[in-house]
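The lines below spell out each chain.
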Amino acid sequence: MSRLYPVLKYGAILGWSAFVVAPFLWALTTSFKTINGVTSGPRYLPWLQYEPSLQGWTSLFGGTGGIDIVQPYMDSIVVTLGASAISIVLGTLAAYGLSRFKYQLGFVKNSDIVFFFVSQRIMPPVVLAIPFFLMLQFLGLLDSALGLIIVYVALLLPIAVWVMVDFFNNVPRQLDEMAMLDGCTPLRGFVLVVLPNSLPGIIVAALFCVIFGWNDFFFAFTLTFTQTQLLPVAIVALNSSVTPWWTLSASALISVTPLVIIAVLVERFLSRGHLAGAIR
Amino acid sequence: MALGVEPPAPSSEPGVPLSRTGRRPGQLEGPGTARRYKLYFLLPGLIVLLLIILFPLLFTIRVSFSSWNVSQPGLDWIGGSNYERLFADARYWASLGRLALIAIGTVAIEYVLGFALALLVWREVKGRRFFRVLFLVPMMTTPVIMTVIWRTIFHESLGPANDVMALFGLPAQQWLTSSGAAVVSVMIVEIWQWTPFMVLLLLAGLLSLPREPFLAAAIDGAGPIRTFFRVTFPLMVPISIGAIIIRLIEASKIMDTVYVLTSGGPGTATETSSYYIYIRGLRDFQIGYAASMSFAYLVIMIVSLTFIARGLNRALAGRRA
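Residues numbered from 1 in each chain as written. Chains lettered and ligands numbered in written order. Predicted model: local features only at pLDDT ≥ 70, side-chain atom pairs only at ≥ 80, totals over all residues.

**Considering the overall build of chain A**
Regarding its fold elements, chain A presents 13 helices and two strands. At 24 Å, chain A has a C-alpha radius of gyration far larger than the 19 Å of a compact globule built from 280 residues. With the principal axes as the frame, chain A shows a C-alpha extent of 75 × 65 × 35 Å. Looking at chain A residue by residue over its 280 residues, the buried ones come to 49%. (Helix = DSSP H or I, 4+ residues; strand = E, 2+ residues; numbered from the N terminus. Rg over C-alpha atoms; globule rule 2.2 N^0.38 Å. Buried ≥ 20, exposed ≤ 12 C-beta atoms within 10 Å, placed from the backbone.)

**With respect to the overall build of chain B**
On a plain count of helices and strands, chain B comes out with twelve helices and zero strands. Ordered by position in the sequence, the α and β elements of chain B form the string α-α-α-α-α-α-α-α-α-α-α-α. Taking as baseline every contact in chain B between residues at least 6 positions apart, the subset at least 24 positions apart corresponds to 65%. (Contact = placed C-beta atoms within 7 Å.)

**Considering the packing of helix α4 (residues 70-100) of chain A against helix α7 (residues 145-169) of chain A**
Residue and element names in this part refer to chain A. At a closest axis distance of 6 Å, the pairing of α4 and α7 adopts a crossing angle of 40°. Taken together, the axes of α4 and α7 lie oblique to each other. The crossing of α4 and α7 is right-handed. Tallied by class, residues from the contact of α4 with α7 come to 22 nonpolar, seven polar and one charged. (Axes fitted to C-alpha atoms, helices over the stretch in contact; angles between N-to-C directions. Parallel < 35°, antiparallel > 145°, perpendicular 65-115°, else oblique. Left-handed = near helix turned anticlockwise from the far one by under 90°. Nonpolar A, V, L, I, M, F, W, Y, C, P; charged D, E, K, R; others polar.)

**Topic: the interface of chain A and chain B**
Listed as interface residues are 86 residues of chain A and, on the opposing side, 86 residues of chain B. For the side of chain A that touches chain B, the element with the most residues is helix α13 (residues 245-271) of chain A, which contributes 15 residues. Residue composition of the side of chain A that touches chain B, by class: 60 nonpolar, 17 polar and nine charged.

**Considerations on the nonpolar core**
Grouped together as the largest cluster of nonpolar side chains are 157 residues, with contacts concentrated most on Val153, Leu156, Ala160, Ala205 and Cys209 of chain A together with Leu136 of chain B. Sort the elements by how many residues they give to this core and α7 of chain A lands first, with 19 residues. Both of domain 1 (4-58) and domain 2 (70-241) of chain A provide at least three residues apiece to this core. When neighbours within four sequence positions are excluded, valine 153 of chain A is seen to be in contact with Ala83, Ile86 and Ser87 of chain A together with Val48 and Ile52 of chain B. (Core = buried A, V, L, I, M, F, W, Y, C linked by C-beta atoms within 7 Å. Domains from an automatic or database assignment.)

**Points about helix α6 (residues 125-139) of chain A**
Residue and element names in this part refer to chain A. With 15 residues, α6 ought to run about 21 Å at 1.5 Å a step, and its terminal C-alpha atoms sit 20 Å apart, in line with that. The principal kink in α6, of about 30°, is found at proline 131. The complete set of buried residues in α6 reads Pro125, Val126, Val127, Leu128, Ala129, Ile130, Pro131, Phe132, Met135 and Leu136. (Expected span 1.5 Å × (residues − 1). Bend = angle between axes of the 7 residues up to and from the residue.)

**Re unusual backbone geometry**
Residue and element names in this part refer to chain B. A positive phi angle is found at serine 263, which is not glycine, with a value near 50°. Its location among the elements puts serine 263 in the loop between α10 (256-261) and α11 (273-283). Look at phenylalanine 285: it is not a glycine, yet its phi comes out positive at around 55°. Counting through the fold element by element, phenylalanine 285 comes out in the loop between α11 and α12 (287-320).

**Some points on the confidence of the model for chain B**
All names here are of chain B. Looking at chain B, pLDDT values average 83 and 88% of them are 70 or higher. Within chain B, helix α3 (residues 90-120) carries the highest mean pLDDT (93), whereas helix α1 (residues 31-63) carries the lowest (81). Counted against residues more than four places away or in other chains, residues 1-30, with its pLDDT under 50, gives 41 contacts. This prediction of the complex comes with two scores: 0.86 for pTM and 0.87 for ipTM. (pLDDT = per-residue confidence, 0-100.)

**Details of the environment of proline 138 of chain B**
By the secondary structure assignment, proline 138 of chain B is in helix α4 (residues 128-140). When the 26 C-beta atoms within 10 Å are taken as the criterion, proline 138 of chain B is described as buried. Through-space distance from the C-alpha of proline 138 of chain B to that of methionine 293 of chain B is 32 Å; in sequence the pair is 155 residues apart. Residue contacts for proline 138 of chain B: discarding those within four places in its chain leaves Val20 of chain A together with Trp192, Gln193 and Pro196 of chain B.

Below, the structure written as structure tokens:
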């Protein structure tokens, strides 16, 4: 048993790792194929099994049979970062208030307000899509980055509040007090003393906002058409037309790579124990 | 808005000492100033969320009582006939049942796998930082985009999925075109994408556990299996319940994967509630009917999630005693 255990342990770890990596490796090898490499059955190794070509990658930048990926990339960055920034500012303020002060409106108390924020995640996108469509139409913001940012704030604000409330609950109140003793107003104390000490929590909240913002498809799909086009929409549009697999694969890889860097950051905060409070 | 300013009752914060100024920590200013300042913190976020969410919700409820469709757009009043139609719509209830099956099935598998993987990279493993990162990667990637890749993997003759089956001596499958296999394919993609989320939540929980119970178990000479059932698992129960509920909420919204992988097909074999509502609402433009389906769906989700949360609490926490 004791000699078998490490074998089983590393076997399981490597087995799951293979499952995790497989789609990326398949996409990577497919992105260098041409028509012959794809239509003659599954091929894996360049040079040995098929003749590699850069066609898939050049087609992303205006090459033949492809798309221009630069504009959707920029739109995705603008919308994701814009909505994340607004959500973090509003969410951090609200979470600090909910963690430090007592609010009451009739029977509504702090815990109910927190629940209201977090419960927005239960709403399936399809329920909101039609009203959002009409709302943005009314505001003249259909098919615009600003319209999407407004919609994404509704999706990301609950995440920011959820992460930050638990974070502030674990920050000692003595810290705020010292600021008050020095004669700061709550707002000043918050900005000068609490915020700098809350950076790990804010970064974790920001990472989650960026992940969920960058990865949304449905709202971008229903609320934008031609003027603004986010990456997932651009790539799925390729999927439904007769786009070759090499272009699909290259575009998929280029759009998910930045998020892999975020995985490294999330792991850092995880190992330092900064994520523990957020899930209780 | 009359948000009252009752200062926190002293008994509500046991163990927090009074500060030098005699004020309770958390009660930062005298009542008059506190009222103003505490609203500055909460209101911007709350008002923004209410503005963005309240309109769609109220609007959906109102539209669900109208006959709004592609030929007659507008808010007339037809009473509850959309809801009558809904109760007789077998396709709607079938999509709900399918959603329950897929969501509960994937989340159960994700929980078991995620817990096992989190335990594996918790301690004493070579390269654990590397494997932790690797185990998180799929949840960072865009679901629709990775599903586009999965679709090429599941291609019957040109994709590698059937190669892998042959490697294990298993028969080739019609991954996306036979109804049973299509459900399995959707579940495989979901499990690939979201098991990392379970790993993240459960590993964060494991890393925050106190050390003393484990030392005590070691002194008592408990083996790894005994330690797990007597110490680790009971300590992880609250985190487990939280993680399962969060994943169930997210899994119940499943839509992107289905849209790209199977479009609900073959037939309606992988059509979940969100996808059916999408077809009726945004493809057929039966806005009124889709709104009634949406609202009924919301109510059903909230009720069933409450029951599931209670059931989980009883089932998992009961074992601790």
